[in-house]
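Here is how the chains run, residue by residue.
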Amino acid sequence: MRIVGLTGGIASGKSTVSNLFKTHGIPVVDADLVARDVLKKGTGGWKKVVSAFGEDILRPDGEVDRPKLGQIVFSNPEKRQLLNRLLAPYISSGIFWEMLKLWMKGFKVIVLDVPLLFEAKMDKWTKPIIVVWVDPETQVQRLMLRDRTSEDDAQNRINAQMSLDLKRTRADIVIDNTGSLEDLKEQFQNVLFEVTKPLTWTEFGLSRQGAASVLVSIIVGVLIFRKVYSTGSL
Ligand SMILES: CC(C)(COP(=O)(O)OP(=O)(O)OC[C@H]1O[C@@H](n2cnc3c(N)ncnc32)[C@H](O)[C@@H]1O)[C@@H](O)C(=O)NCCC(=O)NCCS
Ligand SMILES: Nc1ncnc2c1ncn2[C@@H]1O[C@H](COP(=O)(O)OP(=O)(O)OP(=O)(O)O)[C@@H](O)[C@H]1O
């Protein structure tokens, strides 16, 4: 199985690119959705976060008040690291289960959309790594427009992540999403071509079909060995 890493900065356009992958039949594991699930009321992640941050971060219905928690962690690096530490094990196992489901369905190429791919050191599991880059001014403007936040708040969120310029140096493929959606779709055609190239032997071995071939080869090998052995011992 080919596990493609998709990352970038906040509001750089990862979800927009993810949607293009999905419309071309390539499934995407979205780390933000996994992170939402592990923070739902009553889950292990929720319990850890409530005991560390207090009940003040809860809404009247007991769910985490996400904008409130966001304001706390995006303006305070220590609190952000604490939240990351508490949720990281739940997020990684959630991503693993989502990948396993896609593996069992027989998908040969999947995309992991993980905003903190490098920060969480998950880049070592993915190849190629795609970074969706955007120029700093456009990033702030798009973030303010989408989340209806102030410039200060948008800048805090951007500063909470590794810089996009550093991320692009660690990419196999860079998508520059500073231009229009049409420009993005044009670049995406080349990305799709790269990502759907025939699997390497290692990638094939990691796919369900590859694992099945290995299993069948082992069974056939054992049967032949037993046959030869029992014939020889007669
Ligand atoms: C702080 C929370 C509650 C704010 O929720 P909110 O609904 O406002 O934002 P949402 O989850 O949609 O995230 C939006 C974007 O913020 C950025 N972001 C989220 N968490 C972090 C973080 N810990 N550090 C840096 N950037 C982050 C990502 O680019 C993400 O795409 C939420 O982001 C959260 O639980 N974060 C910790 C979990 C995490 O690390 N998520 C990233 C998945 S790898
Ligand atoms: N090329 C583009 N031209 C104009 N608007 C765009 C373009 N690409 C993305 N956008 C818009 O910019 C905003 C951010 O894009 P998107 O939500 O895809 O970013 P993201 O990287 O997934 O963000 P996050 O890290 O918060 O999940 C959205 O409102 C989206 O519609």
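Residues numbered from 1 in each chain as written. Chains lettered and ligands numbered in written order. Predicted model: local features only at pLDDT ≥ 70, side-chain atom pairs only at ≥ 80, totals over all residues. Heavy atoms only, no water.

Caption draft 1: Spotlight on unusual backbone geometry. For the bond running from Lys127 to Pro128, omega is 0 degrees, close enough to zero to count as cis. Within the secondary structure layout, Pro128 lies in the loop between strand 3 (109-113) and strand 4 (129-133). Residue Ala11 is not a glycine yet carries a positive backbone phi of 60 degrees. By secondary structure assignment, the location of Ala11 is in the loop between strand 1 (2-8) and helix 1 (14-23). Backbone geometry at Lys121 places phi at a positive 55 degrees, although glycine is not the residue there. On the secondary structure map, Lys121 appears in the loop between strand 3 and strand 4. Classification of Lys121 by relative accessible area gives exposed; the value is 54%. (Helix = DSSP H or I, 4+ residues; strand = E, 2+ residues; numbered from the N terminus. Buried < 20%, exposed > 50% of the residue type's maximum accessible area, 1.4 Å probe, protein only.)

Caption draft 2: Region of the structure containing the environment of Trp125. Along the chain, the position of Trp125 falls in the loop between strand 3 and strand 4. Take Trp125: its relative accessible area is 61%, and that puts it in the exposed class.

Caption draft 3: How the structure looks around the sheet that holds strand 2 (residues 28-30). Taken together, the five strands give an open sheet; going across it, the order is 2-3-1-4-5, and neighbouring strands pair in parallel fashion. Each having just a single partner strand, strand 2 and strand 5 (173-176) make up the two edges of the open sheet. On average, each strand axis in the sheet is inclined to that of its neighbour by 20 degrees, with strand direction left out of account. Where strand 2 lies against strand 3, three bridges are found, and the strand directions are parallel. Paired with Val29 across the two strands is Leu112, which belongs to strand 3. Against the sheet, helix 1 contacts strand 1, strand 2, strand 3, strand 4 and strand 5, and its axis sits at roughly 150 degrees relative to strand 1. (Pairing = 2+ DSSP bridges. Axes fitted to C-alpha atoms, helices over the stretch in contact; angles between N-to-C directions. Contact = heavy atoms within 4.5 Å.)

Caption draft 4: The arrangement of the side chain of Lys14 in detail. With respect to the helices, strands and loops of the structure, Lys14 is situated in helix 1. The charged side chain of Lys14 is buried without a salt bridge, its nearest counter-charge being Asp113 at 5.4 Å. Apart from the residues within four sequence positions on either side, Lys14 is in contact with Leu6, Thr7, Gly8, Gly9, Asp113, Pro115 and Val132. (Lys, Arg positive; Asp, Glu negative; His and termini not counted. Salt bridge = Lys/Arg side-chain N within 4 Å of Asp/Glu carboxyl O.)

Caption draft 5: Representation of the site of ligand 1 in the model. Surrounding ligand 1, one finds 22 residues, the nearest of these being Asp32, Arg36, Arg66, Asn84 and Gln161. A distance of 2.5 Å is found between an oxygen atom of ligand 1 and a side-chain nitrogen or oxygen belonging to Asp32. Here Asn84 contributes a side-chain N or O atom positioned 2.7 Å from a nitrogen atom of ligand 1. Protein contact buries 90% of the 770 Å² of open area that ligand 1 shows by itself. (Near = heavy atom within 4 Å. Polar contact = N/O pair within 3.5 Å; in protein donor to acceptor, adjacent residues only side chain to side chain. Areas by Shrake-Rupley, 256 points an atom, 1.4 Å probe, with all protein chains shown as cover.)

Keep in mind these numbers describe shape, not what the thing actually does.
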